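Each chain, written out:
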Amino acid sequence: MKILVAVKRVIDYNVQIRVKEDGTGVVTDNVKMSTNPPDDNAIEEAVKIKEAGKATEVVAVTVGEDKAQETVRKALAVGADRGIHVKVDGILEPLAVSKILQKIVVKEKPDLVFMGKQAIDDDCNQTGQMLSALLNWPQATFASKIDIKDNKLEVTREIDEGLETIEINVPAIVTCDLRLNEPRYASLPNIMKAKKKPIEEIAASDLGVDMSPRLEQLKVEEPPKRKAGIKVANVAELVQKLKNEAKVI
Amino acid sequence: MTVLLIAEHNNKELRPFTLNAATAASQIDSDVHAVVIGQNTADAAKQLSELPVIKKVLSVEAAHYENFTAENFAPVIVKLAENYSHIVCSANTFGKNLMPRIAAHLDTSQVSDIIKVISSDTFLRPIYAGNAFATIKSNDAKKCVTIRPTSFDPCESTGGSAPIEKVDASEEFSNTKFIKREEIKSDRPELGTARIVVSGGRGMQSGDNFKLITEIADKLGAAIGASRAAVDAGYISNDHQVGQTGKVVVPDLYIAVGISGAIQHLAGMKESKVIVAINKDGEAPIFSVADYGLEADLFEAIPQFMEELNKLNTIQK
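Residues numbered from 1 in each chain as written. Chains lettered and ligands numbered in written order. Predicted model: local features only at pLDDT ≥ 70, side-chain atom pairs only at ≥ 80, totals over all residues.

Draft legend 1. Quick look at the sheet that holds strand S3 (residues 54-61) of chain B. All names here are of chain B. Taken together, the seven strands give an open sheet; going across it, the order is S5-S9-S4-S1-S2-S3-S10, and neighbouring strands pair in parallel fashion. The strands lining the two open edges of the sheet, one partner per strand, are strand S5 (111-114) and strand S10 (164-166). Strand after strand, the sheet turns through a mean of 25 degrees between neighbouring axes, direction not considered. Where strand S2 (residues 32-38) and S3 come together, seven bridges link them in parallel fashion. What sits directly across from alanine 34, in S3, is valine 57. Against the sheet, helix H1 (residues 17-28) makes contact with strand S1 (3-6), S2, S3, strand S4 (86-90) and strand S9 (143-147), and its axis sits at roughly 150 degrees relative to S4, the strand it touches most. Those strands touched by helix H2 (residues 42-49) are S2, S3 and S10, and its axis lies near 170 degrees from that of S3. (Pairing = 2+ DSSP bridges. Helix = DSSP H or I, 4+ residues; strand = E, 2+ residues; numbered from the N terminus. Axes fitted to C-alpha atoms, helices over the stretch in contact; angles between N-to-C directions. Contact = placed C-beta atoms within 7 Å.)

Structure representation (structure tokens):
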């Protein structure tokens, strides 16, 4: 079994983002970047499956500018065997990313493709589902548990009403929830070793996919601010305010 | 232009957020049709036909639709899409799972999780966990849009009488098999629609201590929420999680107990009408969004809160 894991470079989840004054986006210069958090869970799961002897190779792929390669390097440092960096400037829509990943899947022929359920920058939650549509593969989204049984996967999915379990035949796409596992940290020796692992560079423009934008981002703005609240001295005052001022209880 | 709304239901009845999505659909264009896909869905179809904003109901029934598998739903919707300018549904786990599969088949860039309809092709949506709002114009011929249900009021549920038309099912997708669904049953209001939500965080220190939250919630007729930290620590099950990767709630009153207020939690609750924060760390970020902040040890404050509530003659429910 071969597993392809897609990873995305995003603004670090701890950074309080700032909207650009001209309304064209958010400030990314000199801002800490890291791997999209649920993509770390996707890598971790793939590596665990390989360590359990159920996968032969884990390949990490990213689509993005030069620096996006850092996310592939990080995946290699926690156990992926090799990397692929599809180079492209600017921001692609999930539809274009899924078309690029489709080309990579055709080339690499993985049995499974893992990725995070959602990127925390654009919060689109589309790429995995779109890729499985393009490949006509089964999709297990929001996975919090994966059991591999021969050529089938039993996947527990986090849904609004609770949990759902489905069985999907390989080849398949799985999008990972944060609850799937606890991603490991890369050790210094493994970071050093990862520097020697191969990363293949591919120009997105060589893949022959339609990457043209379909959406126009007309404006990015700060959300309306909440008006400043007050601190109350004690519980009695709190309850009185809720009852008589806010009138909500 | 005609909008096709994908109804979310449990085969028997509509799920409440279908009404919110219907409102958003009707703001895109007044000509809204709705499709209900499932098995033995006559009652849900009838309920849909009674929504005054819906002009026609399409009903697709087959055994392989019983469990709402996206791989089964997408082909039939893609076929129906020929006649529609927009395909819309709620941005909950049902719609999030399904819509991108439809959009990719239609070669359309989806607009996810909109909070406002600006025009038939332009929408407002939160990005970066709601820390920025983006105005997005779609230039695709067909538009696939998911709707954040809590940002739209539910539509009227009676008075309509749309015709119900049967549509042929598409073939079954054989590589995905439904096994089971474990729904967490509760007598309390649903988290997504509750008027009051009481949430606990890591400060609760244990699952046992969540009974303090439960007591308050029972008293107020509230739903119970939790931060991701509390869920990850195993204090409470994940269906209670509020935040960027959990549920987005917009209650009249949100009470955050022992929650520090990480960016990803704020994303799920900061649109609430009134926010109360109870935390012993006066510097906790939760206070920056709270209308009423109480800097106190929750293990003292919550029992006192219960006492004060007991003193009140009446409590709105």
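Draft legend 2. Just the sheet that holds strand S12 (residues 215-221) of chain A, in detail. Ordered in space as S12(A)-S8(B)-S7(B)-S6(B), the four strands form an open sheet in which the pairing is antiparallel. A single partner strand is all that each edge strand has here, and the edge strands are S12 of chain A together with strand S6 (116-119) of chain B. Each strand of the sheet is rotated relative to its neighbour by a mean of 30 degrees, with strand direction disregarded. Bridge analysis of S6(B) against strand S7 (residues 122-127) of chain B gives three bridges, and the strand direction is antiparallel. Of the residues in S7(B), the one forming a bridge with Ser119(B) is Thr122(B).

Draft legend 3. Structural view of the interface of chain A and chain B. Across the contact, 64 residues belong to chain A and 71 residues belong to chain B. Within the residue set of the side of chain A that touches chain B, elements represented by two or more residues are helix H3 (94-108), helix H4 (127-135), strand S7 (139-149), strand S8 (152-159), strand S9 (162-169), S12, strand S13 (230-232) and helix H6 (235-245) of chain A. With eight residues, S9(A) is the single largest residue contributor to the side of chain A that touches chain B. Bridging between S9(A) and strand S11 (residues 176-183) of chain B involves seven bridges; their strand directions are antiparallel. Residue pairing in the sheet places Gly162(A) in a bridge with Glu183(B) of S11(B).

Draft legend 4. The arrangement of the domain arrangement of chain B in detail. Residues and elements named next belong to chain B. Structurally, chain B comprises domain 1 (3-166) and domain 2 (196-311). Of note, the centres of domain 1 and domain 2, computed from C-alpha atoms alone, are 32 Å apart. Contacts between the two partners involve five residues from domain 1 and, on the opposite side, eight residues from domain 2. Partitioned by chemical class, the residues of the side of domain 1 that touches domain 2 number one nonpolar, three polar and one charged. (Domains from an automatic or database assignment. Nonpolar A, V, L, I, M, F, W, Y, C, P; charged D, E, K, R; others polar.)

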